[in-house]
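Structural characterization, general
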Amino acid sequence: MNKYFLSDEQLQVRDAVRRFAAERITPQARHIDESDTFPRALFDELAAQGWLGARVAPEFGGAGCDAVTACLILEEVSRASGSVGNSMNAHLSLVSTLIADHGSDAQKAHYLPALCSGRKLGAFGLTEPSGGSNAGDPKTRAVPDGEHYLITGSKAFITNAAVADVFLVTARSESGVSAFILDRGLPGFDIGPPDRKMGMHGSPTSMLYFDGVRVPRSRMLGAEGRGFKAFARALDLGRVNVAALIVGLAQAAYDAAASYVQQREQFGRPVAAFQGVQFPIADMATGLEAARLLTLNAARMFDAGMPIKLESSMAKHFAAEAALRICDTAIALHGGYGYLGDFAVERIYRDVKCYHMAEGTSQIQRIVIARELLGRYPM
Ligand SMILES: Cc1cc2nc3c(=O)[nH]c(=O)nc-3n(C[C@H](O)[C@H](O)[C@H](O)COP(=O)(O)OP(=O)(O)OC[C@H]3O[C@@H](n4cnc5c(N)ncnc54)[C@H](O)[C@@H]3O)c2cc1C
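Calculation rules
- Residues numbered from 1 in each chain as written.
- Predicted model: local features only at pLDDT ≥ 70, side-chain atom pairs only at ≥ 80, totals over all residues.
- Helix = DSSP H or I, 4+ residues; strand = E, 2+ residues; numbered from the N terminus.
- Rg over C-alpha atoms; globule rule 2.2 N^0.38 Å.
- Buried ≥ 20, exposed ≤ 12 C-beta atoms within 10 Å, placed from the backbone.
- Contact = placed C-beta atoms within 7 Å.
- Axes fitted to C-alpha atoms, helices over the stretch in contact; angles between N-to-C directions.
- Parallel < 35°, antiparallel > 145°, perpendicular 65-115°, else oblique.
- Left-handed = near helix turned anticlockwise from the far one by under 90°.
- Nonpolar A, V, L, I, M, F, W, Y, C, P; charged D, E, K, R; others polar.
- Pairing = 2+ DSSP bridges.
- Domains from an automatic or database assignment.
- Expected span 1.5 Å × (residues − 1).
- Near = placed C-beta within 6 Å.
- Core = buried A, V, L, I, M, F, W, Y, C linked by C-beta atoms within 7 Å.

Another point: the overall build of the protein. Looking only at helices and strands, the protein features ten helices and ten strands. The globule rule puts the C-alpha radius of gyration for 379 residues at 21 Å, and the 21 Å found for the protein is close to it. Referenced to the eigenvectors of the C-alpha coordinate spread, the extents of the protein come out at roughly 80 × 55 × 40 Å. When burial is assessed residue by residue, the protein has 51% of its 379 residues classed as buried. Considering only contacts in the protein between residues 6 or more positions apart, those separated by 24 or more positions represent 75%.

It is the contact of helix α4 (residues 82–102) with helix α5 (residues 105–116), at a shortest axis distance of 9 Å, that shows an interaxial angle of 155°. As the angle between them shows, α4 and α5 are arranged roughly antiparallel. In this structure, α4 crosses over α5, and the sense of that crossing is left-handed. In this structure, α4 contributes His-91, Val-95, Ser-96, Ile-99 and Ala-100 to the contact, and α5 contributes Gln-107, Lys-108, Tyr-111, Leu-112, Leu-115 and Cys-116. The class makeup of the residues in the contact of α4 with α5 is seven nonpolar, three polar and one charged.

Once that is clear, we can look at the packing of helix α6 (residues 232–263) against helix α9 (residues 344–353). For the pair α6 and α9, interaxial distance at closest approach is 10 Å and the crossing angle is 155°. It follows that α6 is roughly antiparallel to α9 by the angle criterion. Our pair here, α6 against α9, has a crossing hand that is left-handed. Where α6 approaches α9, its residues Ile-246, Leu-249, Ala-252, Ala-253, Ala-256 and Ala-257 are matched on the opposing element by Ala-344, Val-345, Ile-348, Asp-351 and Val-352.

Moving on: unusual backbone geometry. Despite not being glycine, Asp-36 has its phi angle at roughly 50°, a positive value. Relative to the helices and strands, Asp-36 is located in the loop between α1 (8–35) and α2 (40–48). Phi at Asn-160 takes a positive value of approximately 75°, unusual for a residue other than glycine. Tracing the backbone through its elements, the reader meets Asn-160 in the loop between β3 (148–159) and β4 (166–173). Accessibility expressed as a C-beta count within 10 Å gives 27 for Asn-160, which makes it buried.

By the bridge criterion, five bridges tie strand β2 (residues 141–145) to β3 in an arrangement that is antiparallel. Bridge pairing links Val-143 to Leu-150 in β3. Here β2 hands over to β3 after two residues, with Gly-146 in that stretch at a positive phi of 65°. Here β3 runs beside strand β7 (residues 205–216); their pairing, made up of nine bridges, is antiparallel. Directly across from Thr-159, in β7, lies its bridge partner Thr-205.

This part covers the domain arrangement of the protein. When the domains of the protein are assigned, the result is domain 1 (8–120), domain 2 (123–221) and domain 3 (232–374). Domain 1 puts 22 residues into the contact, and the matching count from domain 3 is 23 residues. Put simply, the parts of the chain that give the side of domain 1 that touches domain 3 at least two residues each are α3 (67–80) and α4. Each residue belonging to the side of domain 1 that touches domain 3 can be placed in one class, and the counts come to eight nonpolar, eight polar and six charged.

It is worth spelling out the environment of Ile-367 at this point. Residue position: Ile-367 is located in helix α10 (residues 362–374). As a C-alpha pair, Ile-367 and Ser-313 span 54 residues in sequence and 9.3 Å in three-dimensional space.

An ideal rise of 1.5 Å per residue puts 42 Å on 29 residues; helix α7 (residues 275–303) measures up with 42 Å between its terminal C-alpha atoms. Among all positions of α7, only Met-284, Gly-287, Leu-288, Ala-291, Arg-292, Leu-294, Thr-295, Leu-296, Ala-298, Ala-299, Arg-300 and Phe-302 are buried. Contacts from the buried residues of α7 go to α3, α6 and α8 (309–333). The positive-phi residue at the C-terminal boundary of α7 is Gly-305, with phi of around 80°.

Glancing now at the site of the ligand. In the vicinity of the ligand, 23 residues are found, and the nearest of them are Leu-126, Gly-132, Ser-133, Thr-159 and Thr-361. When residues of the shell around the ligand are traced back to their parent elements, those giving at least two are β1 (122–125), β3 and α10. Of the residues contributing to the shell around the ligand, the split by class is eleven nonpolar, ten polar and two charged. Each of domain 2 (123–221) and domain 3 (232–374) gives at least three residues to the shell around the ligand.

Turning to the nonpolar core, a few remarks are in order. Ranked by size, the top nonpolar core spans 121 residues in total, and within it Phe-180, Ile-246, Ala-250, Ala-253, Ala-323 and Cys-327 carry the most contacts. Element by element, the count of residues in this core is highest for α6, at 18 residues. With residues near it in sequence (within four places) discarded, Ala-250 still touches Leu-288, Ala-291, Ala-322, Ala-323, Ile-326 and Cys-327.

As structure tokens, this is what we get:
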């Protein structure tokens, strides 16, 4: 029995991704960061392994994995490269899974095989320039026009925008917030230049602009006006997936620090011999373990059909805060070298900082957690 109680199948997938990541992703991670280029060929390789459609049913070209396995895949990929993990997650957990869970038969047949095979890449547009925390109240409008909707507005920070073919975006329609599947290249649909970012280089984010984009009603995902609320459970799982990405980055920072302190000598001994170095290593490992356990437990609860709104926000919130501390400590334990681009911890720190904000800030996660908890005590 392994300590995370993973099944043989889950372990096999985790080990296969770990091997692939070590051979194919880790050697490219620094180049991806420094050149800020999206590694398209690597995504074809991830697709060939079946991991881009991890949660999609085999009949549509997916691997039909459970939520725990998808977390293991994302953790291992992110451990090798934060930006590859980030782009993979937008495609996998926010686009493919939502279409698989909420799409019509025609939408699934049209989009899923292309998304799973990597022929097309996905992007998810929720955040707007006016705000991401209040994502349930978009300013983007979808106005009915016969058998079509005309979409007008904009989205901000959209991961994969520069490289995606399929965009899942939210807009306010007649009776609430609806979601639409948009193909790249529709008249009136423009994509801004890639944002200049602190980290996550190679995982491009851009603005989306909609100027009366004409979308057939058949491209609405789910029921009219229910596009946000109906996706709540899938979005809860999305936070767990992000927690898995964060755990992967924290593991990479921990690995680098634990190795470095045993090689680096000062005062005639490896610095790992000093208690002042051992204690932070112990704290890093404890935070990492707690973050992974919260993440895997939330995924396991999802697989068991249980509600996970509370647990998914706890996992994302705890993992983001713990990982930032872990990466900060990892840099400190490298001394001045931790501040140089030659060492991976510098990149990992810049990448992990993104998850303080992305997929809901720590304040928003606390609001969700408190609401879930206090709601259990009627006033
Ligand atoms: C690298 C990266 C990739 C991203 N990818 C995507 C993507 O693919 N798709 C997508 O839709 N979005 C994406 N985002 C956007 C991200 O989800 C938002 O940035 C995030 O939700 C925060 O929204 P905001 O930036 O508008 O901040 P705001 O909502 O303006 O918040 C500003 C500050 O106010 C705080 N705040 C807001 N409301 C409250 C409140 N009620 N109580 C207490 N504090 C509050 C926030 O915590 C924050 O500190 C990405 C962001 C980044 C950085």
